[in-house]
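# Commentary on secondary and tertiary structure
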Amino acid sequence: MLNITEVYKTFNTGTINEKKALRGVSLHVHPQDFITIIGGNGAGKSTVLNMIAGVYAIDSGSIVLDGKDISRQPEYKRAEFLGRVFQDPMMGTAADMEIQENLALAFRRGKKRGLSWGITKEEKELYYDALKKLDLGLEERMTSKVGLLSGGQRQALTLLMASLKKPKVLLLDEHTAALDPKTAKKVLDLTENIITEHQLTALMVTHNMKDAIRLGNRLIMMHEGKIIYDVSGEEKQNLQVSDLLQKFEEVSGGEFANDRMILA
Amino acid sequence: MNILMAIFGAVSQGLLWGIMALGVYITFKILDFADMTCDGSFALGGCVSAVFVVSFHWNPYLSLIAALVAGGIAGGVTGLLHTKLKIPAILSGILTMISLYSINLRIMGQANTPINTRMEGIDTIVTMITDRLPDEISKSSNTNTFVTMIIGAVFVIICIAVLYWFFGTEKGSALRATGNNEAMVRALGVNTNRMKVLGLVIGNALVGLSGGLVVQSQKVADVGMGQGTIVIGLASIVIGEVFLGRKLNFAAKLGFTILGSVIYRIIVAVVLQLGLESSDLKMLTAIIVALALSVPVLSKKHVD
Ligand SMILES: Nc1ncnc2c1ncn2[C@@H]1O[C@H](COP(=O)(O)OP(=O)(O)OP(=O)(O)O)[C@@H](O)[C@H]1O
Ligand SMILES: [Mg+2]
C-alpha cells in the first residue's frame, strides 16, 4: 500500500556539511504492517519518516501511497493520510490550547477548515469517551491547557490525536524515548492497543531492541542511509537481541553498537 | 471637571487606538509574528480614510471600510513576502512599512490631509452625529469627546465580538494553533503559510481601521502619524496583561488589551500634565514596554 522506491536524500548538498542521509531506500509496506525500525544514530530512520510525511522534499525516487504518487505533495496535503507522533512531547500538541481544542484540530485532519464552530457538542462526547479509554483521567480535564500535562500524558494525547481520524499510515519516531521507563511502557502499551484496535498500518522507530522484536510483525534495520536488514513473520518472532547486535557489528565493521542500543 | 474631561478624552483616544492594539495582539501574540507592518498600515488607514472623505466626499463610515481593506492588503503583502519569498518576518514587515511611506505620500499627494468639516459635503464620523444635535449641545467640545468615546466603544465592541467569533471557528482555531505550534498544525493538514497570511491580513486590517478612526477624530491625516505604532500597541498589550488574571477567556484578553490602551492614554495625559513634552512620549513608551517585558526575567533571576 505504501511503496517507497530508491529514495535518495542529501542534506546541505555542495557544502562542507554535506550529509547523504538516505542512499537508495526502498520499502514496500503491506496493509496492516506494523514495522519497527532500528539503527544507530544518524542512520536515517527519522529521515525516512520525514520523507514519507513530506517535511523535506526527496532528491530522487518515489513514494507512492495507495497508487498515488505523493512524493511531490506538500506536507500539509499528505497529512490527510498520515498520523504522526514525535520524539519530543512538545511537538505533537499545542501547549496553549485546551485538550479538547487539540483533539478538535486533529479530528479535522485533511478536511477543509471553514467558518463553522471549531468544536461541536457531539464531538466533545466523542472525545470524552476516547480520553476515558486512555485511563489517565484526562476526560475530566478537557478544558485544561495541554501545557499543564506531563510528557507521558502529552504523548498519549498525541497518539489519540494521530488515530482520531484513521490514518492510512501511522508514523512514530521514538515517541517514548523522552519518557521515564514506566511511562514509556504505558505509552507503548497504548500504542499497541490503538494499532490493533483500529487495524492501523504503522512504522515505529525505536532504540529499544527488545521492543523492536516484541512489537510488530516486521523489523528493519538501517545503517548509513540504507535498509540493511528486513525480517518479518516467524523469522522475526524468533529474533534475539544478540542476533541484532551481531548484525549491527557486521555492517559497522566490528565496531560495537552505540551505547543507546546496548543499554536497551 | 477639567481633569474628568481630560480622562474622558484619554478614554476615547484609548478606545480608538485600542483597535490597533487588537491588531498587534493578533500578529504578535496569537500568530507569534513580529510584524513591523503596523507603523505603515496605521498611517495607510488614516490617509485612505482622509482622502476618501476629502477628495471623494465619501461617507466617513464608508471610508473606514476602505481603511480596513487597505490595512488588510498591506498585511497580506508582508505575509506573501514572508511565506512566498522566504524573507525573515521582521524584514518583511519593515519592507512593507517603508514602501507604505511612499505610498501614503502618493495617496495624499502631500504630507498631510486636513479634514475641513466646515466645507459642504465633508464630515467626520463624529461631526456626522454632532451636527444632528441641537446647537447648544453640539457646539461644546465636551459633546465631541463624549460622542467620540461612544463611537470608539461601539467599534471596540463590534471588533471584539467578531474576533471572538472568528477565533472560535475551525479556521480561527487553526490560526491560533499555527502561532502556537506550527509543525503540529502542518502535520494536521493545515497550510500554515496561508494561515500566516490570513493572520497578518486580519491584524493589519484592524490597524488600518484604527488609523482611520484616529484620523477621523483628529481631523487630519499625516504621513508620519504611524511612527511608533507598534510600540504603542505592545505597550497596551503589556499594560493590559498586568491587570489580566490567569484563567480568563479570549474575549477578556482582548478586552484587557483595550483597557491597556486606555490606561496608556491616561498615563500619557498625566505625564503631559506634569510637564513632559509630547516629543518625549516615544521614549517613555519604549521604557514602559521594556520594563513590562523585563519584569518576568528580573523576577525569575530573583528566584534563581
Ligand atoms: N534537516 C537536516 N539538515 C541537515 N542534516 C540533517 C537533517 N536531518 C537529518 N540530517 C542528517 O542526516 C543524517 C540522518 O539523520 P536522521 O535524523 O534520519 O538519523 P536517525 O537514524 O533518526 O538518528 P537518531 O537515532 O539520532 O535519531 C544525520 O547525519 C543527520 O545529521
Ligand atoms: Mg531520529
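First, a word on scope: everything that follows refers to the structure included in this document. (Residues numbered from 1 in each chain as written. Chains lettered and ligands numbered in written order. Predicted model: local features only at pLDDT ≥ 70, side-chain atom pairs only at ≥ 80, totals over all residues. Heavy atoms only, no water.)

Attention now goes to the overall build of chain A. Across its full length, chain A carries ten helices and ten strands. In terms of overall dimensions, chain A is globule-like: its C-alpha atoms have a radius of gyration of 19 Å, near the 18 Å expected for 264 residues. When the backbone C-alpha atoms are referred to their principal axes, chain A occupies close to 60 × 40 × 35 Å. Intrachain contacts of chain A at a sequence separation of at least 6 include 66% that bridge at least 24 residues. Accessible surface, chain A: about 12200 Å² in total, of which carbon and sulfur atoms supply 50%. Side chains of chain A give 35 positive and 35 negative charges; the mean places of these two sets differ by 5 Å. (Helix = DSSP H or I, 4+ residues; strand = E, 2+ residues; numbered from the N terminus. Rg over C-alpha atoms; globule rule 2.2 N^0.38 Å. Contact = heavy atoms within 4.5 Å. Areas by Shrake-Rupley, 256 points an atom, 1.4 Å probe, with all protein chains shown as cover. Lys, Arg positive; Asp, Glu negative; His and termini not counted. Charge placed at Lys NZ, Arg CZ, Asp CG, Glu CD.)

Our next topic: the side chain of Gln153 of chain A. Position of Gln153 of chain A relative to the elements: it lies in helix α5 (residues 151–164). If near-sequence neighbours (up to four positions away) are discounted, Gln153 of chain A is found in contact with Leu136, Leu138 and Arg141 of chain A.

The next subject is unusual backbone geometry. One non-glycine residue with positive phi stands out, namely Asp66 of chain A, at about 50°. With respect to the secondary-structure elements, Asp66 of chain A resides in the loop between β4 (60–65) and β5 (68–69). Its relative accessible area of 43% is what places Asp66 of chain A among the partly exposed residues. The backbone of His57 of chain B shows a phi angle near 55°, a positive value even though the residue is not glycine. Looking at where His57 of chain B falls in the secondary structure, it is placed in the loop between α2 (38–54) and α3 (60–83). Judged by its relative accessible area of 42%, His57 of chain B is partly exposed. (Buried < 20%, exposed > 50% of the residue type's maximum accessible area, 1.4 Å probe, protein only.)

All names here are of chain A. The local shell around ligand 1 holds 15 residues, among which Gly42, Gly44, Lys45, Ser46 and Thr47 are the closest. One of the backbone N or O atoms of Gly42 is found 2.8 Å from an oxygen atom in ligand 1. Between ligand 1 and Gly44, the relevant distance is 2.9 Å, taken from an oxygen atom to a main-chain nitrogen or oxygen of the residue. For ligand 1, the protein covers 70% of the area, taking 630 Å² as the surface of the free molecule. For the shell around ligand 1, the secondary structure elements donating two or more residues are β2 (19–29) and α1 (45–53). (Near = heavy atom within 4 Å. Polar contact = N/O pair within 3.5 Å; in protein donor to acceptor, adjacent residues only side chain to side chain.)

Turning our eyes to something else, we now look at the interface of chain A and chain B. By a widespread convention, an interface's size corresponds to the accessible area lost as its parts come together. Each partner contributes residues to the interface: chain A has 28 residues there, and chain B has 22 residues. Our enumeration of links across chain A and chain B arrives at three salt bridges. For the pair chain A and chain B, the number of links is 15 residue pairs in polar contact (both at pLDDT 80 or more). Mapped by element, the contributors of at least two residues to the side of chain A that touches chain B are α2 (75–78) and α3 (99–107) of chain A. (Salt bridge = Lys/Arg side-chain N within 4 Å of Asp/Glu carboxyl O.)

Quick look at a nonpolar patch on the surface now. A cluster of nonpolar side chains, Leu115 and Trp117 of chain A together with Ile150, Val154, Ile158, Val162, Tyr164 and Trp165 of chain B, forms an exposed patch at the surface whose accessible area comes to about 770 Å². The topology assignment puts Ile150 of chain B in helix α7 (residues 141–166). Residue classification places Ile150 of chain B among the exposed positions, given a relative accessible area of 54%. (Patch = residues over 30% accessible without salt bridge, like charges linked within 9 Å, V, L, I, M, F, W, Y side chains within 5 Å.)

Residues and elements named next belong to chain A. Strand order across the open sheet formed by six strands is β6-β7-β8-β3-β9-β10, with mixed pairing between neighbours. Edge strands, defined here as strands with exactly one partner in the open sheet, are β6 (82–85) and β10 (226–232). On average, each strand axis in the sheet is inclined to that of its neighbour by 15°, with strand direction left out of account. Two strands pair when backbone bridges link them, and β6 and strand β7 (residues 169–173) are joined in this way by four bridges, in the parallel orientation. By the bridge assignment, Leu82 is partnered in β7 with Val169. Packed on one face of the sheet, α5 meets β6 and β7 and runs near 175° to β6. Lying on the sheet, helix α9 (residues 241–251) is in contact with β3 (34–39), β9 (218–223) and β10; it crosses β9 at an angle near 30°. (Pairing = 2+ DSSP bridges. Axes fitted to C-alpha atoms, helices over the stretch in contact; angles between N-to-C directions.)

Here we come to the environment of Ser144 of chain A. Residue and element names in this part refer to chain A. Following the sequence through the fold, Ser144 ends up in the loop between α4 (121–134) and α5. Note on Ser144: relative accessible area 18%, which makes it buried. Distance in space between the C-alpha atoms of Ser144 and Asn3 is 40 Å, their sequence separation being 141 residues. The residues contacting Ser144, other than those within four sequence positions of it, are Met97, Glu98 and Ile99.

Another point: the pattern of salt bridges. For the structure on display, the rule yields 18 salt bridges over all chains. Between Glu192 of chain A and Arg214 of chain A there is a salt bridge; the shortest N-O distance is 3.9 Å. Separated by 22 residues along the polypeptide, Glu192 of chain A in helix α6 (residues 181–197) and Arg214 of chain A in helix α7 (residues 209–214) bring together distant segments of the chain. What makes Glu192 of chain A partly exposed here is its relative accessible area of 30%. The residue Asp230 of chain A makes a salt bridge to Arg218 of chain A at a minimum N-O spacing of 2.9 Å. Linking Asp230 of chain A in strand β10 with Arg218 of chain A in strand β9, this pair joins segments that are twelve residues apart in sequence. Note on Arg218 of chain A: relative accessible area 7%, which makes it buried. The network of salt bridges with shared partners includes Glu75 and Arg84 of chain A together with Glu182, Arg186 and Lys196 of chain B.

Let us now look at the state of the cysteines. Residue and element names in this part refer to chain B. All chains considered together, the criterion is met by zero disulfides over all chains. With no disulfide of its own, Cys47 lies closest to Cys38 among cysteine sulfurs, the gap being 15 Å. Look at Cys47 and you get buried, because its relative accessible area is 0%. The cysteine Cys159 is free of any disulfide, with Cys38 supplying the nearest cysteine sulfur at 16 Å. (Disulfide = S-S within 2.5 Å.)

Relative to β2 of chain A, strand β1 (residues 2–11) of chain A is paired through eight bridges, and the arrangement is antiparallel. Directly across from Ile4 of chain A, in β2 of chain A, lies its bridge partner Leu27 of chain A.

We now examine the sheet that holds β4 of chain A. Strand order in the open sheet formed by four strands is β2-β1-β4-β5 (chain A), with antiparallel pairing between adjacent strands. Looking at strand neighbours, the two that pair on one side only are β2 and β5 of chain A, the edges of this open sheet.

The periodicity of an α-helix, 3.6 residues per turn, causes residues three or four positions apart to be oriented the same way. Taking 1.5 Å per residue, 17 residues should reach 24 Å; α2 of chain B reaches 24 Å between its end C-alpha atoms and fits that length. When you tally the buried positions in α2 of chain B, you get 15 out of 17 residues, the bulk of the element. (Expected span 1.5 Å × (residues − 1).)

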